[in-house]
Amino acid sequence: MKRPLTSKSLLCIALLFTSSFAFAQKKYSEKQITKLKTEVAQIVEDNHKQTQVMIDKIFSFAELGFQEYESSKYLTGILKTNGFDIVEGVSGIPTAWFATWKQGDGPTIALGSDVDNIPKASQYPGVAYHKPMVEGAPGHGEGHNAGIPLNITAALAVKQIMEREGIQGTLILWPGIAEELVAAKAWYTRDGLFDDVDISIFTHVSSNLSVSYGQASGTGLISVEYTFDGEAAHSAGSPWRGRSALDAVELMSVGWNYKREHLTTLKRSHSIITDGGDQPNVVPSKASIWYYFRDVTYEGIMEMYADANNIAKGAALMTDTEMSSRILGTAWPRHFNKTIAETMYENIKQVGLPTWSEEDQALAKATQEEVGSNPRGLSTKLSGLGMPVTSPVSGGSDDIGDVSWKVPTVTMRFPSNIPGLQGHHWSNAIAMATPIAHKGATAGAKAEAMTILDFLLKPELVTQAWDYFNNVQSKETQYKPMISASDAPPIYLNKKIMDEFRPQLEKFYYDETKYGSYLEQLGVTYPTIKKGN
């Protein structure tokens, strides 16, 4: 059942077989399941301190994509201590890992979240204005430091009950390495890491506790770097002997911008010049430009990619240079599972939003005011169950989309950040090592742990999740990877930046043996607000 069959009739037989035999568990009544879910939520609450320490620790490492060495070492160390088997370096990514704990032959449930951060987003937590810890350094201006701690908290709570009750099943935890580059999950999927998974629960920071199903708002994308090779020459002495690779980059940029005028409103594209030459008096012999091409469908993404390839070829012809390209990341448009979402939302309603303190609300309102947003504070009303979008909505991308087309998947969003911020910004780091982040992750871990128990103890839910996946989600759309078997993940990205800033960041690493919180270690009064706010 874990890998869907092509024949629907055979699939139905396999699903029935799986539900009846492969996932044979002690039968629990609804009353018994409710009692176990209440207990697992209490275990999560009791472990709030451990959740706080993990969140603060990952925040302090402040590592960019593909350079999450300290974060991965710390997280896998906790999982090893708690009996998980770790496979490191998956898909050729040194910082990637899969952690597995198995008891019997029950459902296999994978829990994922991201761990990387944002360039130039260094920020003291709990301070409601721009105050970098290290000027120019990366920081958790997306909030990826809280998701894996949430998953670990939920998994360890469920594992405790599984061991005591003899509940069969497998728990897998994995990191979304380099999510800001959308450059790992498609490789995991290509390499078969989800082939034996029954359901996937992904978590992502937000400002409310929510889940959705169906086609999600936002886009998929392909990330491509185009490199041009020319001939160097003295820019003043003999420029006629040069063939400028930078000219090719500039011409490609102009050509694509003319093309952009004729794109539909759902498409998005952005670029940076990653190599513009060495110095003005040398005709650049090599230059590169890096694009994200986004659309709400796979076909639309690949059309943009084909158009960009033609424009790149034209730029090379006009400058007598050689062109090559490399895929640096991909993300399919996301589609989430109805059965998992509906089951999880019932648990979300039971958990509810955290109780925010006056200090929490004061920090949120001051931060919102600082960046020009409505100072409405933290969310106090729970979001509804997110329904499929009826009309496509453009926006951001996440490579969990690739996983969602391999195995029934949802993304649970948890309330560890402040609403109304612009994202990918230092302001989004302000809450991420404060009680706001800690409380939000604990709430999310409760909902996740309760949902895991539902799927372990009600195997018919797994069958229903796959029925939706095969007969609704995949009825007209078939997943086609955007990467080939020979495409390697770009693990060299961000190395120079981290080599520059890591020595400066090390002095800020959180020492939980000496300080109760990261705010205490940094000497931050919570909250620190500008006078007059």
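Note: the structure precedes this text.
Just so it is clear, the structure is predicted and the values come from calculations on it, not from any experiment. (Residues numbered from 1 in each chain as written. Predicted model: local features only at pLDDT ≥ 70, side-chain atom pairs only at ≥ 80, totals over all residues. Heavy atoms only, no water.)

Caption draft 1: Representation of the overall build of the protein within the structure. Broken down by element type, the protein carries 15 helices and twelve strands. Taking 24 Å as the expected radius of gyration for a compact globule of 533 residues, we find that the protein reaches 24 Å, a close match to that expectation. Seen through its principal axes, the protein has C-alpha atoms that stretch 85 × 65 × 40 Å. Scored against the burial criterion, the 533 residues of the protein give a buried share of 59%. Sequence separation of at least 24 residues holds for 83% of the intrachain contacts in the protein that already meet a minimum separation of 6. (Helix = DSSP H or I, 4+ residues; strand = E, 2+ residues; numbered from the N terminus. Rg over C-alpha atoms; globule rule 2.2 N^0.38 Å. Buried < 20%, exposed > 50% of the residue type's maximum accessible area, 1.4 Å probe, protein only. Contact = heavy atoms within 4.5 Å.)

Caption draft 2: Main features of the pairing of strand E2 (residues 97–103). With four bridges joining them, strand E1 (residues 85–88) and E2 adopt antiparallel strand pairing. Looking across to E2, one finds that Ile86 is bridged to Ala99. (Pairing = 2+ DSSP bridges.)

Caption draft 3: Broad picture of helix H10 (residues 358–370). With 13 residues, H10 ought to run about 18 Å at 1.5 Å a step, and its terminal C-alpha atoms sit 18 Å apart, in line with that. Restricting attention to buried positions, one finds in H10 the residues Asp360, Gln361, Leu363, Ala364, Ala366, Thr367 and Gln368. At its buried positions, H10 is contacted by helix H12 (435–457). Looking one or two places after H10, you find Gly372, whose phi comes out positive at around 85°. (Expected span 1.5 Å × (residues − 1).)

Caption draft 4: Expanded view of the packing of H12 against helix H13 (residues 459–473). In the contact formed by H12 and H13, the axes pass within 4 Å of each other and the chain directions differ by 95°. Between H12 and H13, the interaxial angle falls into the category roughly perpendicular. Taken together, the residues of H13 that come into contact with H12 (itself represented by Asp454, Phe455 and Leu457) are Pro459, Leu461 and Val462. (Axes fitted to C-alpha atoms, helices over the stretch in contact; angles between N-to-C directions. Parallel < 35°, antiparallel > 145°, perpendicular 65-115°, else oblique.)

Caption draft 5: A look at the sheet that holds strand E12 (residues 409–415). Taking strand neighbours across the sheet as the criterion, the six strands line up as E1-E2-E4-E3-E5-E12 in an open arrangement whose pairing is mixed. Of all the strands in the sheet, just E1 and E12 have a single pairing partner and so form its edges. Looking at each pair of strands side by side, their axes are set apart by 20° on average, direction ignored. Of the pairings in the sheet, the one linking strand E3 (residues 108–114) to strand E4 (residues 169–176) comprises seven bridges and is parallel in character. The residue of E4 that forms the bridge with Asp114 is Gly176. Docked against the sheet, helix H5 (residues 147–165) engages E2, E3, E4, strand E5 (199–206) and E12, running at close to 170° with respect to E4.

Caption draft 6: Spotlight on unusual backbone geometry. Across the junction of Tyr526 and Pro527, the peptide omega takes the value -10°, indicating a cis bond. Within the secondary structure layout, Pro527 lies in the segment after helix H15 (518–522). The phi dihedral of Lys120 is positive, around 55°, even though this residue is not glycine. We classify Lys120 as exposed; its relative accessible area is 65%.

Caption draft 7: Highlighting the pattern of salt bridges. According to the stated counting rule, one finds 25 salt bridges in the structure shown. Across the pair Lys458 and Glu30 runs a salt bridge, and its minimum N-O distance is 3.3 Å. Within this pair, whereas Lys458 is found in the loop between H12 and H13, its partner Glu30 is found in helix H2 (residues 30–46), the two being separated by 428 residues in sequence. With a relative accessible area of 15%, Lys458 lands in the buried category. In this structure, Glu370 engages Lys530 in a salt bridge whose closest nitrogen and oxygen atoms are separated by 3.0 Å. Taken as a pair, Glu370 in helix H10 and Lys530 in the segment after H15 lie far apart in primary sequence, 160 residues in all. Salt bridges sharing common partners tie together Glu30, Lys37, Asp454 and Lys458. (Salt bridge = Lys/Arg side-chain N within 4 Å of Asp/Glu carboxyl O.)

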